[in-house]
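Chain by chain, the residues run as shown.
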Amino acid sequence: MPRLALKIDVDTERGTRDGILPLAELCRRESVPALFLFSLGPDRMGRSILRVFQPGFLKKVLRTRVASNYGLSTLLNGTLKPAPHLGRRFGDLMRRVRDLGFETGIHCYDHYRWQNRVRAMSLEDTRREFQMAAAEYQRVFGEPARAAGAPGWQCTPHSLQVYDEHGLDFASDTRGRAPFQPTLAGRAFRTPQVPTTLPTLDELLGLPGVTPAGLPDYFLRRLATGGDHLMTLHAELEGLAYLGFLRDFIPRARQAGVEFRSPRDLLKSAQPLPVCEIEYAELEGRGGTLAVQKK
Ligand SMILES: [Zn+2]
């Protein structure tokens, strides 16, 4: 029986303000667990929105009315407008997601900085950056975060060390096959990785010939081969213009025998975990390199 866990990355003001509650309410109605990972500091995504989603996807959305759904204001945050602080402004919405019964965790403090700079950061800078997210998470939720998943699948030996220092239960920074105990640059780390196993919607929609209507079939085909999977969604996409994809997909997946579980459940049933190396690799439909579970 295939099993599927959902991880929801929340990157921007728009996604936090308008995307997370519709997603949480849909998942709750359908009794689907999900892990919500929040960006907790300033939304400076105006600087990097073109890098978050892959270029083919953006070309496609700019040709359609999705561009207006996406929100011009996001493109201005941190560029022409001051960067709004997401934890301070939307802490109540984040808590509502938790109170609806969902697990929550840290995506980042400053998405722009992590996605574009973490690979060049010193241990001290990485520690400071994650500490700011952890402190804001603690302030918003009144308890320490137990899980994290980095922007853009960007992790380093420093960031994995910092996760270990925070004693997280698990992290999801990688693309891969199944939960594992990571090594990177010859070092072993304690915090297990629960990798994303499926492509993201923006990666798929950037490919020629792929349409939104064809997405549920694509994922059902991938899941039909069985095993455990983790799908990463974005509050900015599946919570807004592409909420219809999930509304269509979830009941069809259930009907096809897919069991929805939490990332934590996948981790529990994968014990004992194999030790796997993380490498940086290119992935179809995404710029730059990302952290991948080595084959
Ligand atoms: Zn993100």
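Just above sits the structure.
Everything numeric here is computed off the predicted structure, so don't read it as measured data.

Reading the values: rules and limits
- Residues numbered from 1 in each chain as written.
- Predicted model: local features only at pLDDT ≥ 70, side-chain atom pairs only at ≥ 80, totals over all residues.
- Heavy atoms only, no water.
- Helix = DSSP H or I, 4+ residues; strand = E, 2+ residues; numbered from the N terminus.
- Buried < 20%, exposed > 50% of the residue type's maximum accessible area, 1.4 Å probe, protein only.
- Contact = heavy atoms within 4.5 Å.
- Areas by Shrake-Rupley, 256 points an atom, 1.4 Å probe, with all protein chains shown as cover.
- Salt bridge = Lys/Arg side-chain N within 4 Å of Asp/Glu carboxyl O.
- Phe/Tyr/Trp six-rings, centres within 6.5 Å; stacked < 30°, edge-to-face > 60°.
- Lys NZ or Arg CZ within 6 Å of the ring centre and 35° of its normal.
- Donors = N, O, S within 2.8 Å, 3.2 Å for Na, K, Ca; no water.
- Core = buried A, V, L, I, M, F, W, Y, C linked by side-chain atoms within 4.5 Å.
- Pairing = 2+ DSSP bridges.

(A) Broad picture of the overall build of the chain. Each helix and strand counted, the chain has 14 helices and eleven strands in total. Within the chain, the fraction of its 295 residues that count as buried is 57%. Counting only contacts in the chain whose residues sit at least 6 apart along the sequence, the fraction spanning at least 24 positions is 76%. By element, 52% of the accessible surface of the chain is carried by carbon and sulfur atoms, the whole surface being about 12100 Å².

(B) Representation of the pattern of salt bridges. In the structure shown here, the tally under the stated rule is 21 salt bridges. Note that Asp-169 is salt-bridged to Arg-264, the shortest N-O span being 3.0 Å. Of the two residues, Asp-169 is situated in the loop between helix H9 (157-166) and strand S5 (170-171) and Arg-264 in helix H14 (residues 263-269); the sequence distance between them amounts to 95 residues. Overall, Arg-264 belongs to the partly exposed group, its relative accessible area being 22%. For Glu-203, the salt bridge identified is with Arg-175, shortest N-O distance 2.9 Å. Taken together, the residues span a long stretch of sequence, with Glu-203 in helix H10 (residues 201-205) and Arg-175 in the loop between S5 and strand S6 (181-184) at a distance of 28 residues.

(C) Structural context of the packing of aromatic side chains. Enumeration according to the criterion identifies nine aromatic pairs in this entry. Taking the centre distance of 6.4 Å and the plane angle of 25° together, the rings of Phe-36 and Phe-38 count as stacked. Like Phe-36, the residue Phe-38 is buried in the burial classification. Look at Phe-38 and Phe-141: their rings are 6.1 Å apart centre to centre, the planes differ by 25°, and that puts the pair in the stacked class. Here the residue Phe-38 occupies a position in strand S2 (residues 34-39), and Phe-141 occupies one in helix H8 (residues 123-141), the gap between them amounting to 103 residues. Assigned by exposure class, Phe-38 and Phe-141 land together as buried. Among the aromatic residues, those joined into a cluster by ring pairs are Phe-36, Phe-38, Phe-102, Tyr-137 and Phe-141. Its guanidinium or amino end placed over the ring of Tyr-280, Arg-119 lies 3.7 Å from that ring's centre, counting from NZ or CZ. Directly above the ring of Trp-153 sits Arg-175, whose terminal nitrogen or CZ lies 4.3 Å from the centroid.

(D) Geometry of the coordination of the zinc ion. Surrounding the zinc ion are the protein donor atoms Asp-11 (OD), His-107 (NE2) and His-111 (NE2), which sit 2.1 to 2.2 Å from the metal. Mapping the donors of the zinc ion onto the primary sequence gives the spacing D-x95-H-x3-H. With Asp-11 in the loop between strand S1 (3-10) and helix H1 (13-29) and His-111 in helix H7 (residues 111-117), this residue pair connects regions lying 100 residues apart in the sequence. Accessibility assignment for this pair places Asp-11 and His-111 in one class, buried.

(E) Molecular detail of the nonpolar core. By size, the foremost hydrophobic cluster in this structure holds 70 residues, and its most contacted members are Leu-4, Phe-36, Phe-38, Ile-106, Phe-130 and Phe-249. With residues near it in sequence (within four places) discarded, Phe-130 still touches Ile-106, Trp-114, Ala-148, Val-162, Tyr-163, His-166 and Leu-168. Ala-5, Leu-35, Val-194 and Leu-273 belong to the second largest nonpolar core, which has ten residues in total.

(F) Fine view of the sheet that holds S6. If you trace the four strands from one edge of the open sheet to the other, you get S7-S6-S10-S11, paired in mixed fashion. Because the sheet does not close on itself, it has two edges, and the strands there are strand S7 (187-188) and strand S11 (286-293). Pairing of strand S10 (residues 275-283) with S11 involves five bridges; the strand directions are antiparallel. If you follow Ile-278 over to S11, its bridge partner there is Gln-293.

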